[in-house]
Amino acid sequence: MTNDLEKNQSKHAELNHHNQHSSNHESHHEHDQNQHRKEEYHHNHDHGSHDHHQGHNHHDHGDMVSDFRKRFYIALIVTIPILILSPMIQDFIGVDWRFPFDQYILFALATFVFFYGGWPFITGGVNELKDKNPGMMTLIGLAILVAYGYSSLTVFGWEGSDFFWELATLIDIMLLGHWIEMRSVMGASNALEELVKLMPNEAHKLDENGSVTDVPTSELTHDDNVLVKPGEKIPVDGTIYDGSSAIDESMLTGESVPIEKNKGDEVIGGSVNKEGSIKVKVEKTGEDSYLSQVITLVREAQESKSKTQDLTNRAAKWLFYIALASGFVTLFVWLMLGYSFDVALERMVTVMVITCPHALGLAAPLVIAVSTSISAKQGLLIRNRANFEGARRLDAVVFDKTGTLTEGAFGVTNIVPQEGYGEDDVLTWAASLEQNSEHPIAAGIVSSAEDKDLELKKIEAFTSITGKGIAGKIDGKNVKVVSPGYVNNNNMAYDQNTFERLSEEGKTVVFLLLDDELAGMIALADMVRETAKEAVASLKDEGIHSIMLTGDNQKVADWVAKQLGIDEVYAEVLPDDKAGQIKTIIRKGWKVAMTGDGVNDAPALATADLGIAIGAGTDVAMESADVVLVKSNPKDVVSLMELSGKTYRKMVQNLWWAAGYNIVAIPLAAGVLAPIGIVLSPAVGAVLMSLSTIIVAINAKLLKA
């Protein structure tokens, strides 16, 4: 079967034009360099609501989750004495626990909560303002800064009452919200790290006398010779000059079948040598290698992906502007009405603090937590929330063929028996002989026989015919399963037309010989997933275009597409062209999802509006994706879009509940009803706030799959 790789290699030079973008990739394959790369690249993949954690992006995600958890618990414990000491809360519950200097203790505790609990929000807000893109962090930062600043003034002699309790509870709830959200959404993408990990650290370098020394991969240069033993990863791109083996390139190309490689064939660094020892002449190192170029493509795709903000951040941006505007309007109006600056300032601060509703901090995280647990039960792992939210608006889903629409494993598609034999006879004899072989073709024939419950015969002798097939003795007969080359070399007659037709469909054909007489031919192909048919049909019903994108040859792609009912097919596509094809489709104004499983899909996954990785695929594909389908079921793409729609609707409802409190509270806090003696007291504000928070929490729990 023609596969992605042979094209990738033959046109390898075409990838080279990307090199000029690449920098500091010289020692790309040294593991100890991973760390600074991790930090350099960590922010490239935009994680919508996670932009605000930039202050933390040198921690890994797990550290950030535990950091927010720790801050939440410590701030919560310190909040209890703040609530007890607050005059406003004491008035509200009708007690008087005042004592000398209690305000200074209150100030000290609130200062601790402000700096310890509020710090992530202050730094996050600064980062958002630097990006000229205010969001959740800026809104929280503004509210806590105003509340802390004003309340501190009242402790040291300014006329007015403090908002320390408001400050502490706001910080607690926001920390809780962020902790819940981060716990349910996985970490930032480490695609580039995963790519670097594919490369072995060391290589067995051969000198002129053929003696071996182990050297770091980074020290290899053009024309060096290396030995690769069975089971080892190939350290660099090169050409075999001695030996032959089957090479597993599935990690790189998504092509499931190991490829027989002989003298003169090219091999790619990072692929796995399965069988024999081979000697390889180094052709490409450092940034010229296939893997480095894929790394460059993924990085460019991640950097150019437009910065999407999720729904909460967009709502928070508006509330931030509203808070500023209504705060200053309130201040000027009260001053113009002749009130003292103290009174006007207190009104202004009340408005600005109230505009950041506690409920907003939980509106999205609670929906996300519920949505994430529903999706996990359905086998969907959401990694990038902003892009997942956009899944409800997709116009097209692009599928990689091998391993996504197909099983990525051989199965028997046709059996053509000679006269005197039945299909089951041919399959039984072939499977009986193949049961001793490790080859993917053998596995395909044996599993097809097992599916039909055929009883396999006992092997008496077994030998391999190098490069041509296998032979053995079964029930006293000489049995061979051989390649077309063997049959042609021995001038055996067979049905050429059927053979040509099967080959054109991209199928691999083997021949069964019994006592050197042709008994039949068996065609095998990468089997189409049943669930893929259902997925394409469901997408069609929704009016969404399904497109196939593959490095495989056109005829194979067309054969698979016909079985699935896909009308649009792009075949023989190189890895860098995959990302290019996605860009072309996006230029139509379409929202595009890409579904893939191999390293060669990573740039396209990073480029698409929504990257979906198949769970059985490579780590690299998963790391560049926004969503991972754990069950490797293409039908889950449809579930994903439905869940995205439901989650989005629930979030909108919650934001209305959270903001609904604002619609009532801001005018009252600003003093619209002051002329008739109604001014929103902070205590009533607190009750309203608690109520909207409870409603938001209950509403989030009502989200169903």
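Residues numbered from 1 in each chain as written. Predicted model: local features only at pLDDT ≥ 70, side-chain atom pairs only at ≥ 80, totals over all residues. Heavy atoms only, no water.

Labelled according to an unreviewed UniProt entry, the chain appears under the name P-type Cu(+) transporter, originating from Lentibacillus salinarum. The UniProt entry for the chain carries the following text under Catalytic activity (unreviewed entry): "Cu(+)(in) + ATP + H2O = Cu(+)(out) + ADP + phosphate + H(+)". According to its UniProt record, the chain has this under Subcellular location (unreviewed entry): "Cell membrane". (UniProt positions renumbered as here; feature names shortened; annotations may be inferred.)

### A look at a nonpolar patch on the surface
On the surface, I80, I84, F92, I93, W97 and V687 cluster together into a nonpolar patch covering about 590 Å² of accessible area. Going through the elements one at a time, α4 (61–85) and α5 (87–93) are the ones with two or more residues in the nonpolar patch. Residue placement: W97 occurs in the loop between α5 and α6 (102–130). Judged by its relative accessible area of 43%, W97 falls in the partly exposed class. (Patch = residues over 30% accessible without salt bridge, like charges linked within 9 Å, V, L, I, M, F, W, Y side chains within 5 Å. Areas by Shrake-Rupley, 256 points an atom, 1.4 Å probe, with all protein chains shown as cover. Salt bridge = Lys/Arg side-chain N within 4 Å of Asp/Glu carboxyl O. Helix = DSSP H or I, 4+ residues; strand = E, 2+ residues; numbered from the N terminus. Buried < 20%, exposed > 50% of the residue type's maximum accessible area, 1.4 Å probe, protein only.)

### Some words on the sheet that holds strand β14 (residues 469–474)
Spatially, β12-β17-β16-β15-β14-β13 is the arrangement adopted by the 6 strands of the open sheet, whose pairing is antiparallel. Here the strands that pair on one side only, and so sit at the sheet edges, are β12 (406–417) and β13 (459–465). Taken pair by pair, the neighbouring strands of this sheet meet at an average axis angle of 20°, ignoring direction. Two strands pair when backbone bridges link them, and β12 and strand β17 (residues 517–528) are joined in this way by 8 bridges, in the antiparallel orientation. Counted as the bridge partner of N414 is A523 from β17. (Pairing = 2+ DSSP bridges. Axes fitted to C-alpha atoms, helices over the stretch in contact; angles between N-to-C directions.)

### Comments concerning the environment of V398
By the secondary structure assignment, V398 is in strand β11 (residues 396–400). A relative accessible area of 0% means that V398 is categorised as buried. In sequence terms V398 and S546 are 148 residues apart; their C-alpha atoms lie 5.9 Å from each other. With residues near it in sequence (within four places) discarded, V398 still touches I547, L549, I582, I585, V592, A593, M594 and T595. (Contact = heavy atoms within 4.5 Å.)

### Overview of the UniProt feature "transmembrane region" (unreviewed entry) in the chain
UniProt annotation of "transmembrane region" (unreviewed entry) refers to residues 72–89, 104–122, 134–151, 163–180, 318–337, 349–376, 655–678 and 684–703 when read in the numbering used here. Annotated as residues 134–151, this span is 89% helix and 0% strand, and its ends, taken at the C-alpha atoms, are 25 Å apart.

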